[in-house]
Amino acid sequence: MNDSGITARWRSGTPQFLSVLRMVAAFVFIEYGSAKLFGWPIKMGPPGGVMLMSQMGVAGTLELVGGALLLIGLFTRPVAFLLCGEMAVAYFQSHFPHSFWPLANQGVAPVLFCFIWLYISAAGPGPWSLDAVRQRQ
């Protein structure tokens, strides 16, 4: 197959698209943590707020701090792997018991985040990351 013209240029941007995927997914992921911990942009969790050392508090902290690290691309592989595991636990503990199907059990986001973070843990952060800057030094 001959890669020329726009196809070759599009394909040559693959590393940058990896960085964009990581940053956009992390930005959305941070919202889940801030919603759990601070009730922003929407309130998630119990009416009195989330206790930091509860399971939801730990999840919110992982999502906020881990998401921020992934957004800037720092310690990307281990953080992405940890968050992949968090999303697998969240799915099987909170969503799967209600239905097999992610759409029916409100588990689409955890499934997608789980596999995005698994991919990022294997593929790395891409060139637009602090990890890439650290490697160049």
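Reading the values: the criteria
Residues numbered from 1 in each chain as written. Predicted model: local features only at pLDDT ≥ 70, side-chain atom pairs only at ≥ 80, totals over all residues. Heavy atoms only, no water. Helix = DSSP H or I, 4+ residues; strand = E, 2+ residues; numbered from the N terminus. Contact = heavy atoms within 4.5 Å. Axes fitted to C-alpha atoms, helices over the stretch in contact; angles between N-to-C directions. Left-handed = near helix turned anticlockwise from the far one by under 90°. Expected span 1.5 Å × (residues − 1). Buried < 20%, exposed > 50% of the residue type's maximum accessible area, 1.4 Å probe, protein only. Salt bridge = Lys/Arg side-chain N within 4 Å of Asp/Glu carboxyl O.

Quick look at the environment of Ala-123 now. One can find Ala-123 in helix α5 (residues 108-123). Sequence separation between Ala-123 and Pro-41 is 82 residues, and the spatial gap between their C-alpha atoms is 31 Å. Ignoring anything within four residues of it in the chain, the contact list for Ala-123 reads Leu-18 and Arg-77.

This paragraph deals with the packing of helix α3 (residues 55-72) against helix α4 (residues 76-95). With their axes 10 Å apart at the nearest point, α3 and α4 run at an angle of 145° to one another. Crossing hand, α3 versus α4: left-handed. Counted together, Gln-55, Ala-59, Leu-62, Glu-63, Gly-66, Gly-67, Leu-69 and Leu-70 of α3 and Thr-76, Val-79, Ala-80, Leu-82, Leu-83, Glu-86, Met-87 and Gln-93 of α4 form the full contact between these two elements.

What follows is about α3. Here α3 contains 18 residues, and its C-alpha end-to-end distance of 26 Å stays within 8% of the 26 Å for a straight helix at 1.5 Å per residue. For α3, every residue scored as buried is listed here: Gly-57, Ala-59, Gly-60, Glu-63, Gly-66, Gly-67 and Leu-70. Elements that come into contact with the buried residues of α3 comprise α2 (14-38), α4 and α5. Taken from the residues just after α3, Gly-73 is the one with a positive phi, measuring 75°.

Take the pattern of salt bridges next. Opposite charge on two side chains allows them to pair when their charged atoms are near. Scanning the entire structure with this criterion turns up 2 salt bridges. A salt bridge links Glu-63 to Lys-36, with the nearest nitrogen and oxygen atoms 2.6 Å apart. Of this pair, Glu-63 sits in helix α3 while Lys-36 sits in helix α2, placing them 27 residues apart in sequence. Note on Glu-63: relative accessible area 2%, which makes it buried. What makes Lys-36 buried here is its relative accessible area of 11%. For the salt bridge of Arg-134 with Asp-131, the shortest nitrogen-to-oxygen distance reads 3.4 Å. With Arg-134 and Asp-131 both in helix α6 (residues 130-136) and 3 residues apart, the pair spans about one turn of that helix. For Arg-134, a relative accessible area of 45% puts it in the partly exposed group. A relative accessible area of 13% means that Asp-131 is categorised as buried.

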